[in-house]
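Here is how the chains run, residue by residue.
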Amino acid sequence: MNLTRMFCVFYLLGLGTQINAAPALKMHVFDEITTSQNTAKIHKTDDLQKPELITYVFTYSSDEVDIPENPKTTQPQTKTFPLRYERAEFYFKTGFREDELFWNIAGLGGQPNILSELSWDNLFILTANIGTTLYFGEHWLGNVDLLFGQIKSGDNQDSDYLGDNRTEEFSRSNNSTDDGDVLDISAHAGYRWYWPESKSNSWQSELRSLFGVSYHQQNLIIQDGFQTIPAFGAFEGLDSQYKTTWYGPWVGLEGRWQDSERFQLKFGVQYHYAFYDASATWNLRSDFAQPESFTHKAEGYGWIYELEGLYRLTPKLAINLTLKKQDWRADRNGEDKTYFANGNTVKFKFNEVEWESFGASLGLEYVF
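In this text the structure is predicted, and so the values were computed from the model without any measurement.

(A) Structural context of the packing of aromatic side chains. Scanning all chains against the criterion turns up 20 aromatic pairs. The interplanar angle of 65° and the centroid separation of 6.0 Å between the aromatic rings of W103 and F294 together place this pair among those described as edge-to-face. Taken together, the residues span a long stretch of sequence, with W103 in strand β4 (residues 87–105) and F294 in strand β14 (residues 294–312) at a distance of 191 residues. Judged by relative accessible area, F294 falls into the buried class, the value being 5%. Centre to centre, the rings of W103 and F350 are 6.4 Å apart; their planes meet at 35°, and the pair counts as tilted. Taken together, the positions of W103 in strand β4 and F350 in strand β17 (residues 350–367) put the pair 247 residues apart, joining distant regions of the chain. In terms of burial, W103 and F350 fall into one category: buried. Against the face of Y135 rests R87, its NZ or CZ located 4.0 Å from the ring centre. Across the ring face of Y91, the terminal group of K93 is positioned such that the distance to the ring centre comes to 5.1 Å.

(B) A look at the environment of D160. Topologically, D160 is positioned in strand β6 (residues 140–163). Judged by its relative accessible area of 18%, D160 falls in the buried class. As for D160 and L118, which are separated by 42 residues in sequence, their C-alpha atoms are 8.9 Å apart. Contacts of D160, omitting those with residues within four sequence positions, involve L115, S116, E168, E169, F170 and S171.

(C) A look at a negative patch on the surface. On the surface, a cluster of negative charge is contributed by E98, E100, D121, D155, D178, D179, D224, D239 and E356. Along the chain, the position of D224 falls in the loop between β9 (204–223) and β10 (226–229).

(D) A look at the pattern of salt bridges. Tallied over the full model, the rule gives 19 salt bridges. Across the salt bridge formed by D99 and R97, the nearest N and O atoms sit 2.8 Å from each other. On the accessibility criterion, D99 (1% relative accessible area) is buried. Residue class for R97 comes out buried when judged on its relative accessible area of 4%. Each of R192, E206, R208, E254 and R256 takes part in one network of salt bridges that share partners.

(E) Examining the pairing of strand β16 (residues 345–348) more closely. Pairing between strand β15 (residues 317–339) and β16: four bridges, direction antiparallel. Within the sheet, the bridge partner assigned to K337 lies in β16 and is K347. A loop of five residues connects β15 with β16, the two strands running antiparallel in sequence, and G343 in this loop sits at a positive phi of about 100°.

(F) Spatial organisation of the side chain of T281. Within the secondary structure, T281 sits in strand β13 (residues 263–281). Since its relative accessible area comes to 18%, T281 is described here as buried.

(G) Structural detail: the environment of L183. One can find L183 in strand β8 (residues 180–195). A residue is classified by how much of its surface remains accessible, and L183, at 22% relative accessible area, is partly exposed.

(H) Representation of the nonpolar core. Within the largest apolar cluster, 30 residues are counted, with the highest numbers of intra-cluster contacts made by W103, W120 and Y242. Setting aside its immediate chain neighbours within four residues, W120 contacts D99, E100, L101, W103, D155, N156, T177, L220, I222 and Y242.

(I) Examining the side chain of H296 more closely. Position of H296 among the secondary structure elements: in strand β14. Polar side-chain contacts of H296 include one of 2.7 Å to the side chain of D336.

(J) A look at unusual backbone geometry. The step from Q111 to P112 runs through a cis peptide bond, and the omega angle for that step is -10°. Mapped onto the fold, P112 is located in the loop between β4 and β5 (116–136). I229 connects to P230 through a cis peptide bond whose omega is -20°. Positive phi values are uncommon outside glycine, yet E168 reaches one of about 55°.

(K) Main features of the environment of T133. The topology assignment puts T133 in strand β5. Classification of T133 by relative accessible area gives buried; the value is 8%. Remark: the alpha-carbon pair of T133 and E89, spanning 44 residues in sequence, is separated by 5.1 Å. Engagement of the side chain of T133 in a polar contact is seen with the side chain of N143, the distance being 2.9 Å.

(L) Quick peek at the confidence of the model for the protein. Across the protein, pLDDT averages 84, with 75% of residues at or above 70. Counting contacts from residues 1–62, a segment whose pLDDT is below 50, to residues more than four positions away or on other chains yields 58 contacts.

Reading guide: rules and limits
- Sequence positions are assigned chain by chain, starting from 1 and proceeding in written order.
- Thresholds applied to this predicted model are a pLDDT of at least 70 for local features of residues and 80 or more for the giving and counting of side-chain atom pairs; totals over whole chains, interfaces and linings are not thresholded and use all residues.
- Neither water nor hydrogens contribute to the side-chain values; these are computed over all heavy atoms in the structure.
- Between rings of Phe, Tyr and Trp, where Trp is taken as its six-membered ring, a pair exists when centres lie within 6.5 Å; planes separated by under 30 degrees are stacked, by over 60 edge-to-face, and by other angles tilted.
- Numbering goes from the N terminus for both helices and strands, where a helix is a DSSP run of H or I of at least four residues and a strand is a run of E of at least two.
- Exposure is judged per residue with a 1.4 Å probe applied to protein chains only, and the accessible area is read against the type maximum: over 50% gives exposed, under 20% gives buried, and values in between give partly exposed.
- The rule is short: NZ of Lys or CZ of Arg within 6 Å of the ring centre and within 35 degrees of the ring normal puts a charge over the ring.
- The criterion used for residue contact is that any of the two residues' heavy atoms lie within 4.5 Å.
- Surface patches are drawn from residues lacking salt bridges whose relative accessible area is over 30%; two like charges belong together within 9 Å, two nonpolar side chains (Val, Leu, Ile, Met, Phe, Trp, Tyr) within 5 Å.
- Working definition of accessibility: Shrake-Rupley area with a 1.4 Å probe, residue cover restricted to the visible protein chains.
- For this analysis, a salt bridge means a side-chain nitrogen from Lys or Arg found within 4 Å of a carboxyl oxygen belonging to Asp or Glu.
- Neither His nor the chain termini are counted; the positive set is Lys and Arg, and the negative set is Asp and Glu.
- All charge positions are set by atom: Lys at NZ, Arg at CZ, Asp at CG, Glu at CD.
- Being paired, for any two strands, means DSSP has found at least two bridges between them.
- Remark: nonpolar core denotes a set of buried residues (Ala, Val, Leu, Ile, Met, Phe, Trp, Tyr, Cys) joined through side-chain atoms within 4.5 Å.
- As used in this structure description, the phrase polar contact means that two N or O atoms lie within 3.5 Å; if the pair is within protein, one of them must be able to donate a hydrogen and the other to accept it, and residues adjacent in sequence are counted only when both atoms belong to side chains.
- A score from 0 to 100, pLDDT tells how confident the predictor is in each residue.

See below:
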């Protein structure tokens, strides 16, 4: 090694910088300044001829600490979701439902007070119901429920009157309703209250306040016409349709009683503010417009009562039996709007519509 090269090496090792005899010196060369919490003394040589090369001499008061290769690297942060649920219940039920529905309108100027009235009785409906309930924390929950039903049989009567209070009946047909479907959709949120477990038994009690919205649809088909008044008998070609919708907000209360192991009993009641809309196709009335012959609208209410018993087969799987009763009525701000084939429209007073329903179903519930 020649003298020039040796001089450069000694210069880079800290020529002109005070060097302590002990502890041993450590040399690190960096492109930018980096500090360490364990650094006791830092000696910087500022008098180098090459400003891009900076020499640091460290003396340590404890064991050496490894300097990360990339000091700008930060640890990844874990994201949390505010609507994260803690538990979910999924259920599937199948069963039957029996519905009754009737409505009537008044004549022009309110005379007669009942001009035409239709009723559907003994509507036997096969149903399938699915839904899920999500629990957020200790008190809050959300639920979505969907029911579809197929009408298998039923009776229809269509009567017209000349006098008030269903007098002077001049036309009546008795028909069948062996086709059609129903659809119910509901969503709600709820808050749960608890009662301490009784010392005398193993039952636990819970009360839920519920608030939500719902939509209910009935697609009623009228076929197999039979004219009773006048007594003309059977007639062909009847294929009329009356499609109803009930929708609006609702509030409810639900009580639950559960033992510590397997059995649970639930009873709930709901009050619905109902908006009622309906559309009809009267296919044999050539003087009516097709396919929309007349429409109905009104406002009213609905009550739903539900009783359910649940037996848990495993901690995650349960079987349930549900009974459900519904009573609906719309008789405020009613309007019948009839559309004629010549383009004219006539408005009648829509008096009322009532819908009653009773159903039973058997199903499974799974917790995940």
